[in-house]
Amino acid sequence: MNREKSAIFFSNNCTDEMKKVVRNELNIQKESLAEKYLGLPTNVGRQIIDSFQFIPTKVKGLIGDWSGREASCAGREVLLKTVAQAVPTYSMSCFLLPVNTCKKMRTAIANYWWGSSADNRHIHWQSWDRLTQPKYKGGMGFRDLRLFNVAMLGKQGWRLITKPESLCARVLKGRYFHETNFMEATRKKHASQTWRAALAARDVLQHGLIKRISDGESTNIWRDRWLPKHITGKPITPGDGQELHRVSELMTASGQWNEDLIREIFFPVDAEAILQLPIRPRDGDVWAWEPKRHGIYSVRSAYKLLDKRRRQGEEDQPNTSSDGVWRMIWKLEVPPKVRVFWWRVLHEFLPARQVLCRRHIEPIANCEVCGGNRRISQTCFDGMYCG
């Protein structure tokens, strides 16, 4: 470490004598606080919106540079997914960006996708929520930036759980949850933005983490998730009035499941799930990530989990094809812009008079050449045209 180029920063609570001792001990005499470190703001206070204003500004700047180029829809898709959506990735792995910041980036991306410009307004043929659906569901697979932010932060929470001896975990534990664990910690009044971001990630962790049973000593039967692929991951049998609390109490002295006891206490569906659960030979129960077979957290699987939970209960929209049709469209061995064109045809996202009339832009729906009123998708598939 180059101490001549290094600097140290103290809070207002430090006395001059304390500052002097620390400077002499570290042999760093320069005292300052840079505006940014590794591209992130160093002093993030309560006005967090101002601290991250540079991100949507950078995204809009990139899109502004692309606006002068005549790119096809497929070309714009590649630019947005590989460049624009990648700009906030590092910041999202450390902080929970404000909703307004994500909204500004989303607006710039949507404007460029539908109209080749970040600022000019064009017809947005499909809502952003639908655009973020997977391609095989009729969307375009764009990221929901807020959900992606939470999924990225989930990685930090995963490290706090699985690597409690790391320096970061020890510092945060000593400051915020020294008497409990991360999943049960609360947010204090003047908590830092780093800690607030870590707590925001617990939502995805609570739905994806599961205990892998070994001795069962550290797993609560009724509160912890420990039954994989079983409804909520917990027994549906009511735990009120039960004398057993630890999974270890459901085992025999030889470390196997006590089948008679389990069938006596639990509903049949719970009993079958418990008896089919393998017991790990290693010492101690461990946390694992249920969506992945290897049990290790991944941002991709966390994002899919969040997106699936958000879309629960949604009904299929009218005039959309089945999943099989969308898969067929995206697997066609044609140029990407042709696949995007057929995506627009099936959704009727073309400015034909019949489509514009349905959106209250044109007064009549009939073709001005032949007077027909056929849907644009029917015209394309039947090979009929005005002549």
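Note that this is a predicted model, so its numbers are computed, not measured.

Q: Lay out the overall build of the protein chain in plain terms, naming residues and giving numbers.
A: The helix and strand tally for the protein chain stands at 18 helices and 4 strands. When burial is assessed residue by residue, the protein chain has 40% of its 387 residues classed as buried. The long-range fraction of contacts in the protein chain, counting pairs at least 24 apart against all pairs at least 6 apart in sequence, stands at 57%. In the form shown here, the protein chain has an accessible surface area of approximately 23100 Å², with 51% of it arising from carbon and sulfur atoms.

Q: Would you mind going over the environment of Lys 5 in detail, with residue names and values included?
A: Following the sequence through the fold, Lys 5 ends up in the segment before helix 1 (16–26). A residue is classified by how much of its surface remains accessible, and Lys 5, at 70% relative accessible area, is exposed.

Q: Lay out helix 4 (residues 73–82) with the relevant residues and their values.
A: Turning to helix 4, its buried residues number three or more, namely Cys 73, Ala 74, Arg 76, Glu 77 and Leu 80. Projection of helix 4 onto a plane perpendicular to its axis shows the buried side chains occupying an angular sector of 160°, all on one side. Close packing links the buried residues of helix 4 with helix 3 (54–66), helix 6 (99–115) and helix 16 (336–347).

Q: Residues and numbers for the packing of aromatic side chains, please.
A: Per the counting criterion, the structure on display carries 21 aromatic pairs. A centroid spacing of 5.7 Å and a plane angle of 55° characterise the contact between Trp 66 and Tyr 112, whose relative ring orientation is tilted. Taken together, the positions of Trp 66 in helix 3 and Tyr 112 in helix 6 put the pair 46 residues apart, joining distant regions of the chain. The class for Trp 66 is buried, based on a relative accessible area of 6%. Here the aromatic rings of Trp 113 and Phe 142 are separated by 5.4 Å at their centres, their planes lie at 70°, and the arrangement is edge-to-face. Taken as a pair, Trp 113 in helix 6 and Phe 142 in the loop between helix 7 (128–131) and helix 8 (145–162) lie far apart in primary sequence, 29 residues in all. Across the pair, Phe 142 and Trp 113 agree in class, each one buried. Following the ring pairs from residue to residue traces out a cluster consisting of Trp 113, Trp 114, Trp 125, Trp 128, Phe 142, Trp 343 and Phe 349. One residue, Lys 135, lies across the ring of Trp 330, its end atom 4.2 Å from the ring centre. Stacked on the ring of Phe 148, the Lys or Arg Arg 143 has its end atom at 4.0 Å from the ring centre.

Q: Help me get a handle on the layout of surface pockets, residues and values and all.
A: Its volume calculated, the second largest pocket comes out at about 1000 Å³. Every element with two or more residues in the lining of the second largest pocket is listed here: helix 8, helix 9 (167–176), helix 11 (202–208), strand 3 (209–212) and helix 14 (299–310).

Q: With reference to specific residues and values, describe the pattern of salt bridges.
A: The final tally for this structure, using the stated rule, is 10 salt bridges. Salt-bridge contacts for Asp 129 lead to Arg 310; the nearest nitrogen and oxygen are separated by 3.2 Å. Of the two residues, Asp 129 is situated in helix 7 and Arg 310 in helix 14; the sequence distance between them amounts to 181 residues. Given a relative accessible area of 29%, Arg 310 falls into the partly exposed group. In this structure, a network of salt bridges that share partners links the residues Asp 129, Asp 144, Asp 307, Arg 310 and Arg 311.

So, how was this worked out
- Every chain is numbered on its own, with residues counted from 1 as its sequence reads.
- Per-residue local features are limited, in this predicted model, to residues with pLDDT of at least 70; the limit for side-chain atom pairs, both in listing and counting, is 80 or more; totals at the level of whole chains, interfaces and linings are taken over all residues.
- Side-chain descriptors were evaluated using all non-hydrogen atoms of the structure, hydrogens and water having been removed beforehand.
- Think of it this way: any DSSP run of H or I at least four residues long counts as a helix, any run of E at least two long counts as a strand, and we number them from the N terminus.
- The buried label applies to any residue whose accessible area, calculated with a 1.4 Å probe on protein chains only, is under 20% of its type's maximum; exposed applies above 50%, and partly exposed to all values in between.
- In what follows, a contact means two residues having at least one pair of non-hydrogen atoms within 4.5 Å.
- For the accessible areas, the method is Shrake-Rupley and the probe is 1.4 Å, while residue cover comes only from the protein chains on display.
- Throughout, the arc means that of the directions going from the helix axis to the C-beta atoms.
- Each Phe, Tyr or Trp ring, with Trp reduced to its six-membered ring, pairs with another whose centre is within 6.5 Å; inter-plane angles below 30 degrees give stacked pairs, above 60 give edge-to-face pairs, and intermediate values give tilted ones.
- Whether a charge lies above a ring is judged from NZ of Lys or CZ of Arg, which has to be within 6 Å of the ring centre and within 35 degrees of the ring normal.
- Cavities and pockets were defined on a 1 Å grid built over protein atoms only: a cavity is a set of grid points that admits a 1.4 Å probe from which the probe cannot escape, a pocket is an open set flanked by protein on both sides within 12 Å along at least five of seven lines, and lining residues are those with an atom within 4 Å of any such point.
- Grid points are joined across faces, edges and corners, and a volume is the space filled by probe spheres set on the points.
- Definition used for salt bridges: Asp or Glu carboxyl oxygen within 4 Å of a side-chain nitrogen of Lys or Arg.

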